[in-house]
Amino acid sequence: MDIVNPNTKTGWRHEREEASLSDVYRSVQTHKQGTRWRRIAAFLGPGYMVAVGYMDPGNWATSLAGGSKFGYALLTVALLSNLMAIVLQSLCARLAIASGRDLAQACRDAYPKYVSVPLWAFAEIAIIATDIAEVIGTAIGLNLLFGIPLELGVLITSLDVFLILYLQKIGFRWVEAFVIALLGIIAVCFGVQIFLADPEWGAVIRGFFPTAEIVSNPEMLYLALGILGATVMPHNLYLHSGIVQTRAYGHSVPEKREALTYATIDSTIALCFALLINASILILAAAAFHANGKTDVVELGEASSLLSPLLGLAIAPTLFGIALLCCGLNSTVTATLAGQIVMEGFLKIRLQPWVRRLITRAIAIIPAAFVTIWYGDQGTAELLILTQVVLSLQLSFAVFPLVMFTASKAKMGALVAPRWLTATAYLIAVLIAGLNVKLLFDFVAG
């Protein structure tokens, strides 16, 4: 039973509960007596785990399609999506540090059950959709590198539960190190491929500036909405508000302000890295496919097979496969943690991590296995696109509560979001909602 908070001035209905991911809560020391750089370094990590969700296999399909079809023109959409992500993830850190609650716990406290339970269901649907994309991406990576059939690759992805459990057992910093190491491999792979593709850098720079054609061309607008819908993901908002509390940052307002500053620096730098990867996918598609007349590349397997003849080196598709496999593995780690945070925060159900992992993995593997067995490569491409539409539909149910909580002086106290930040966040929330409704309408219509 919840404990009613006698101090109603806090703005929360109940006392703060036990934190999600309680086994790693405040387990990372922040070196309060150390140098400024050492304290900043102690906060580095959660942002990179969040950044993983902004470059998962679901993003690859939209970026490949945008780059092959329209060259560098949609780089401006990737930049805009990233700026939105920076604002929203900074609000996640603010909510967690100011209130000691993750987004799921905040929703459970603020809303009655007839609201919070549907919000939980929407969050779970979003995580399952994310997991399906990761299962397919990992399976395609295994197929590209080792020739493993997609059907078998989908089943093999269930084994990553043991890796995640082992890393969590030896310490949360090891989970972060694993994620950052794979991100480094992804960056190297794309760096080499872009060097081989030799893009037109003047056109790349111009691609980051918006043009009227993005709105006037219906096909370009559809792909732009797809890139936006695939970039800002709802499970990341729950994830960040939970894992930022792995830092032991103190309880006073000055300590919380410092923690918020360092956590925001961490997520901003990490999301800039995510932009670099997403832009690299689009630039590679533009330089290797669009420039050579291949304007209809959507499937990940097709993209890999075309890279070798177009770039002139057999290693190109191997690098693509390595990056995709690393991306899929990384995404499974963060989706698992997000699932645990959502279930514990909304329902106060605390399952053993391996039980939670197997449940979500089974739910993701069943539709992914069915599609790969029944429809093959073409079916997996369509399922990837469908997962992005599902994620788009769920996003607003996480964004609007987040903005409302962080704008409340009663709930946030001295760390309430400034008015300019709240106004910006509401503008982003309305824009995302409108664009995602348009994306869903286009998907249903045709």
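The protein chain has the name Divalent metal cation transporter MntH in an unreviewed UniProt entry, where Rhizobium mesoamericanum STM3625 is given as its organism. Quoted verbatim from the Function (unreviewed entry) heading of the UniProt record, the comment on the protein chain is "H(+)-stimulated, divalent metal cation uptake system." Taken verbatim from the UniProt record of the protein chain, the Sequence similarities (unreviewed entry) comment is "Belongs to the NRAMP family."

A. Here's a closer look at the overall build of the protein chain. If you tally the helices and strands in the protein chain, you get 20 helices and two strands. Relative to the 2.2 N^0.38 estimate, which gives 22 Å for 446 residues, the radius of gyration of the protein chain is 21 Å and therefore close to what a compact globule would have. Expressed as a percentage of its 446 residues, the buried residues of the protein chain come to 58%. Of the roughly 17,700 Å² of accessible surface on the protein chain, a fraction of 69% belongs to carbon and sulfur atoms. Computed over 29 positive and 28 negative side-chain charges, the inter-centroid distance for the protein chain is 14 Å.

B. Structural context of the state of the cysteines. Counted under the stated rule, the structure contains zero disulfides. Sulfur of Cys107: no disulfide; nearest cysteine sulfur belongs to Cys92 and is 11 Å away. Residue Cys107 is classed as buried on the basis of its relative accessible area, which comes to 0%. You can see Cys326 has no disulfide; the closest cysteine sulfur is in Cys189, sitting 6.4 Å from it.

C. Highlighting empty space enclosed by the protein. Within the structure shown, the criterion is met by three cavities of 30 Å³ or more. The calculated volume of the largest cavity comes to roughly 80 Å³. If you trace the largest cavity, you find ten residues lining it, with Glu15, Glu17, Arg101, Gln105 and Asp109 closest to the centre. Considering every element that reaches the lining of the largest cavity, the biggest residue donor is helix H5 (residues 103-110), with three residues. Grouping the constituent residues of the lining of the largest cavity by class yields no nonpolar, three polar and seven charged.

D. Here's a closer look at a nonpolar patch on the surface. Taken together, the side chains of Tyr166, Ile170 and Trp174 present a nonpolar region at the surface, about 360 Å² in accessible area. Mapped onto the elements, Ile170 comes out in helix H8 (residues 160-170). Residue Ile170 is classed as partly exposed on the basis of its relative accessible area, which comes to 38%.

E. Structural context of the packing of helix H3 (residues 57-70) against helix H16 (residues 315-347). Running from N to C, H3 and H16 cross one another at 135 degrees; their axes reach a closest spacing of 9 Å. In terms of their interaxial angle, H3 and H16 are classed as oblique. Judged by residue contacts, Pro57, Trp60 and Leu64 of H3 engage Phe320, Ala323, Leu324, Cys327, Gly328 and Ser331 from H16. Within the contact of H3 with H16, the residues separate by chemical class into seven nonpolar, two polar and no charged.

F. Region of the structure containing the nonpolar core. Trp60, Leu74, Leu103 and Phe289 are the most contacted members of the largest nonpolar core, which totals 130 residues. Element by element, the count of residues in this core is highest for helix H14 (residues 253-288), at 17 residues. The residues contacting Leu74, other than those within four sequence positions of it, are Gly66, Ile214, Met220, Leu223, Ala224, Ile227 and Leu282.

G. Local environment of the pattern of salt bridges. A complete count under the given rule lists six salt bridges for this structure. The residue Glu17 makes a salt bridge to Arg108 at a minimum N-O spacing of 3.2 Å. Taken as a pair, Glu17 in the segment before strand E1 (28-29) and Arg108 in helix H5 lie far apart in primary sequence, 91 residues in all. When the shortest N-O distance is used, the salt bridge between Glu176 and Arg247 registers 2.7 Å. Taken as a pair, Glu176 in helix H9 (residues 172-197) and Arg247 in strand E2 (residues 247-248) lie far apart in primary sequence, 71 residues in all. The residues Glu176 and Arg247 share a single accessibility class, namely buried.

H. Expanded view of the packing of aromatic side chains. Applying the stated rule across the entire model yields seven aromatic pairs. In this structure, Arg26 packs its charged tip against the face of Tyr249, placed 4.4 Å from the ring centre. Looking at Lys411, its charged tip hangs above the ring of Trp12, at a distance of 4.3 Å from the centre.

I. Region of interest: the environment of Asn143. Along the polypeptide, Asn143 turns up in helix H6 (residues 113-146). When the C-alpha positions of Asn143 and Gly153 are compared, they lie 7.0 Å apart, and in sequence the two are ten residues distant. A distance of 2.9 Å separates a polar atom in the side chain of Asn143 from the backbone oxygen of Ile148.

J. Quick look at unusual backbone geometry. Phi at Arg26 is positive, roughly 50 degrees, even though this residue is not glycine. Note that Arg26 resides in the segment before E1. For Asp198, which is not a glycine, the phi torsion comes out positive at approximately 50 degrees. Mapping Asp198 onto the fold places it in the loop between H9 and helix H10 (201-207).

K. How the structure looks around H16. Compared with an ideal rise of 1.5 Å per residue, which puts 33 residues at 48 Å, H16 spans 48 Å between its outermost C-alpha atoms and is within 8% of the ideal. Counting buried positions along H16 yields 28 of 33 residues, so the element is predominantly enclosed. Just downstream of H16, Lys348 is the residue with a positive phi angle, here 60 degrees.

L. Inspection of the environment of Ala197 at higher detail. One can find Ala197 in helix H9. A sequence separation of 113 residues divides Ala197 from Leu310, and the C-alpha atoms of the two residues are 8.2 Å apart. Setting aside residues no more than four positions away along its own chain, Ala197 makes contact with Leu284, Ala287 and Leu311.

Rules used in this analysis
Residues numbered from 1 in each chain as written. Predicted model: local features only at pLDDT ≥ 70, side-chain atom pairs only at ≥ 80, totals over all residues. Heavy atoms only, no water. UniProt positions renumbered as here; feature names shortened; annotations may be inferred. Helix = DSSP H or I, 4+ residues; strand = E, 2+ residues; numbered from the N terminus. Rg over C-alpha atoms; globule rule 2.2 N^0.38 Å. Buried < 20%, exposed > 50% of the residue type's maximum accessible area, 1.4 Å probe, protein only. Areas by Shrake-Rupley, 256 points an atom, 1.4 Å probe, with all protein chains shown as cover. Lys, Arg positive; Asp, Glu negative; His and termini not counted. Charge placed at Lys NZ, Arg CZ, Asp CG, Glu CD. Disulfide = S-S within 2.5 Å. 1 Å grid on protein atoms, 1.4 Å probe; cavity = no way out; pocket = protein on both sides within 12 Å on 5 of 7 lines; lining within 4 Å. Points joined across faces, edges and corners; volume = space filled by probe spheres on them. Nonpolar A, V, L, I, M, F, W, Y, C, P; charged D, E, K, R; others polar. Patch = residues over 30% accessible without salt bridge, like charges linked within 9 Å, V, L, I, M, F, W, Y side chains within 5 Å. Salt bridge = Lys/Arg side-chain N within 4 Å of Asp/Glu carboxyl O. Axes fitted to C-alpha atoms, helices over the stretch in contact; angles between N-to-C directions. Parallel < 35°, antiparallel > 145°, perpendicular 65-115°, else oblique. Contact = heavy atoms within 4.5 Å. Core = buried A, V, L, I, M, F, W, Y, C linked by side-chain atoms within 4.5 Å. Phe/Tyr/Trp six-rings, centres within 6.5 Å; stacked < 30°, edge-to-face > 60°. Lys NZ or Arg CZ within 6 Å of the ring centre and 35° of its normal. Polar contact = N/O pair within 3.5 Å; in protein donor to acceptor, adjacent residues only side chain to side chain. Expected span 1.5 Å × (residues − 1).

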